[in-house]
Amino acid sequence: MSDIQRVAEQYLAVWNETDAEKRRALIAEVFTEDAAYTDPLGAVTGHDGVDGFIAGAQAQFAGLTFSLPAAPDAHHDIARFQWYLGAPGADEPLAIGFDVITVEEGRIKQVLGFLDKMPG
């Protein structure tokens, strides 16, 4: 498994972790202290900002999980990948997005997110 594949899988594991304490520990492992996250719904920085943003999304989409439908495409310290959000075992994802990450020493420094499909 490539380092970028591992980072992308860890990133989605953060989004799927509903236990606040465990999520905070994962965020500390996966993101740099000054990490920036930006998508059409908001922009945050740092571990507290990322944690708050993810907690809000989990509240809005309770019971749904993120998955990685294909391997990331990467070069240098940049990767892009699509993600799905849906009910476990569902045929179709409820939401589809596309993220571009910058990695610094094995941790995410920046996320630029795009939403391709969102529910109503």
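Remember, it's a predicted structure, so these values are computed and weren't measured experimentally.

Here is what the cut-offs are and how they apply
What you see as residue numbers is a count from 1 along each chain, following the sequence as written. Owing to the predicted nature of the model, reporting of local features is limited to residues with pLDDT of at least 70; listing and counting of side-chain atom pairs is limited to 80 or more, with chain, interface and lining totals taken over all residues. As a rule here, side-chain values cover all heavy atoms of the structure and leave hydrogens and water aside. For the purposes of this entry, the term helix denotes a DSSP run of H or I that reaches at least four residues, the term strand denotes a run of E that reaches at least two, and both are numbered from the N terminus. In this description, contact between two residues means that some pair of their heavy atoms is separated by no more than 4.5 Å. Relative accessible area decides the class of each residue, using a 1.4 Å probe on protein chains only: under 20% of the type maximum gives buried, over 50% gives exposed, and in between gives partly exposed. Arc definition: it is the arc formed by the directions from the helix axis to the C-beta atoms. Definition of a polar contact: a pair of N or O atoms within 3.5 Å, with one able to donate and the other able to accept a hydrogen when the atoms are protein atoms, and with sequence-neighbouring residues admitted only if both atoms are side-chain atoms. To obtain an axis, a line is fitted to C-alpha atoms, over the contacting stretch when the element is a helix, and the angle between two such axes runs from 0 to 180 degrees between their N-to-C directions. In what follows, roughly perpendicular refers to angles from 65 to 115 degrees, roughly parallel to angles under 35, roughly antiparallel to angles over 145, and oblique to any angle outside these ranges. Helix crossings get a hand from a simple test, with the near helix turned counterclockwise from the far one by less than a right angle marking a left-handed crossing and a clockwise turn marking a right-handed one. Amino acid classes used here: Ala, Val, Leu, Ile, Met, Phe, Trp, Tyr, Cys and Pro are nonpolar; Asp, Glu, Lys and Arg are charged; the rest, including Gly, are polar. UniProt positions are given in the numbering used here, feature names are shortened, and annotations may be inferred rather than shown by experiment. Computed over the protein atoms alone on a 1 Å grid, cavities are sets of points where a 1.4 Å probe fits but cannot get out and pockets are open sets with protein on both sides within 12 Å along at least five of seven lines; a residue lines them when it has an atom within 4 Å of a point. Grid points are joined across faces, edges and corners, and a volume is the space filled by probe spheres set on the points.

Another aspect to go through is the environment of Gly-106. Turning to its location among the elements, Gly-106 is positioned in the loop between strand E6 (95–104) and strand E7 (107–117). Separated by 98 residues in sequence, Gly-106 and Ala-8 have C-alpha atoms that sit 11 Å apart. Once residues lying within four places of it in the same chain are set aside, the contact partners of Gly-106 are Arg-6 and Val-7.

For the rest of this paragraph, the subject is helix H2 (residues 20–30). Given 3.6 residues per turn, any residue in an α-helix points the same way as the ones three and four places further on. Within the sequence span of H2, burial applies to Arg-23, Ile-27 and Val-30. Buried residues of H2 fall within an arc of 75° about the axis and therefore sit on the same side. Facing away from the buried side of H2 by more than 90 degrees, the exposed set consists of Glu-21 and Lys-22. Next to the buried residues of H2 lie helix H1 (3–16), strand E1 (31–39), helix H3 (46–60) and E7. A side-chain oxygen of the first residue of H2 lies 3.1 Å from the backbone nitrogen of Glu-21; this N-cap is Asp-19.

Looking at where Val-30 falls in the secondary structure, it is placed in helix H2. Once you skip the residues sitting within four places of it in the chain, Val-30 turns out to touch Gln-10, Tyr-11, Val-14, Arg-107 and Ile-108.

Before going further, it helps to examine the packing of H2 against H3. Contact geometry of H2 with H3 gives a least axis separation of 10 Å together with a crossing angle of 130°. Taken as axis vectors, H2 and H3 run oblique relative to one another. Of the two elements, H2 crosses H3, and the hand of that crossing is right-handed. Facing Arg-23, Arg-24, Ile-27 and Ala-28 of H2, the residues of H3 in contact are His-47, Asp-48, Val-50, Asp-51, Ile-54, Ala-55 and Gln-58. Split by residue class, the contact of H2 with H3 holds five nonpolar, two polar and four charged.

Take the UniProt feature "domain: SnoaL-like" (unreviewed entry) in the chain next. Listed under "domain: SnoaL-like" (unreviewed entry) in the UniProt record, and renumbered for this structure, are residues 9–110. Taken end to end, residues 9–110 comprises 33% helix and 41% strand; its first and last C-alpha atoms sit 16 Å apart.

Within this model, the largest pocket holds a volume of roughly 200 Å³. In terms of lining, the largest pocket is formed by 17 residues, of which the most central are Trp-15, Asp-39, Leu-41, Ala-57 and Phe-66. Those elements that place two or more of their residues in the lining of the largest pocket are H1, E1, H3, strand E5 (78–86) and E6. Partitioning the lining of the largest pocket into residue classes produces 14 nonpolar, one polar and two charged.

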